[in-house]
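Structural characterization, general
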Amino acid sequence: MNRTAVAVIIILLVTAFCTCEYLYVAKTVDEYIARIDEIEETYKSGDFEKATKLANNADIDWESRLEYVDMLLYHDYVNEVGVNFASIAKYVEYKEDAEVFANCEMNRRELQSLIENEKPSLANII
């Protein structure tokens, strides 16, 4: 009976941890996709100074959140998102239109990939 109780408790703890991790990653991805959208919209409107500030803030904020996200996810993907945020900031600063939009789309897809890889599906488990 004790082994069964311990096994059930361990399963519940693992399930709770995985649920919290998924919710945290989903919230983070949604937040940063919204920030990318805001950077694009601000850039399209011609407010380059504000777009630069938004892009730099997104890059700085991603780096500060990196220690939490990095321990939960595959490091290479997380680092690539950070590199793209830094690139977006520089491209916005130098008004490189095609690169801004291409990097925003690439970063959006990589963020979506982070959440897709965390979904509890058979493909992700095996």
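Data block above holds the structure.
From a predicted model like this one, the values you see are computed outputs, not experimental measurements. (Residues numbered from 1 in each chain as written. Predicted model: local features only at pLDDT ≥ 70, side-chain atom pairs only at ≥ 80, totals over all residues. Heavy atoms only, no water.)

Here we look at the packing of aromatic side chains
For any pair of aromatic rings, the description rests on two quantities: the centre-to-centre distance and the angle between the ring planes. In the structure shown here, the tally under the stated rule is five aromatic pairs. Consider the rings of Tyr-32 and Trp-62, whose centres lie 5.1 Å apart with planes at 85°: the pair is edge-to-face. One end of the pair, Tyr-32, is in helix α1 (residues 2–44); the other, Trp-62, is in helix α2 (residues 48–72), with 30 residues separating them in the sequence. One aromatic cluster is present, built from ring pairs that chain together Tyr-32, Trp-62 and Phe-85. (Phe/Tyr/Trp six-rings, centres within 6.5 Å; stacked < 30°, edge-to-face > 60°. Helix = DSSP H or I, 4+ residues; strand = E, 2+ residues; numbered from the N terminus.)

Points about the nonpolar core
Among the nonpolar cores identified, the biggest contains 27 residues, and Val-29, Ile-39, Trp-62, Phe-85, Val-92, Leu-111 and Leu-114 are the most heavily contacted of them. Where this core is concerned, the elements lending two or more residues are α1, α2, α3 (75–93) and α4 (97–118). With eight residues, the top contributor of residues to this core is α1. Here Phe-85 is in contact with Tyr-32, Ile-36, Ala-55, Ala-58, Asp-59, Trp-62, Asn-107 and Leu-111, once residues within four sequence places are set aside. (Core = buried A, V, L, I, M, F, W, Y, C linked by side-chain atoms within 4.5 Å. Buried < 20%, exposed > 50% of the residue type's maximum accessible area, 1.4 Å probe, protein only. Contact = heavy atoms within 4.5 Å.)

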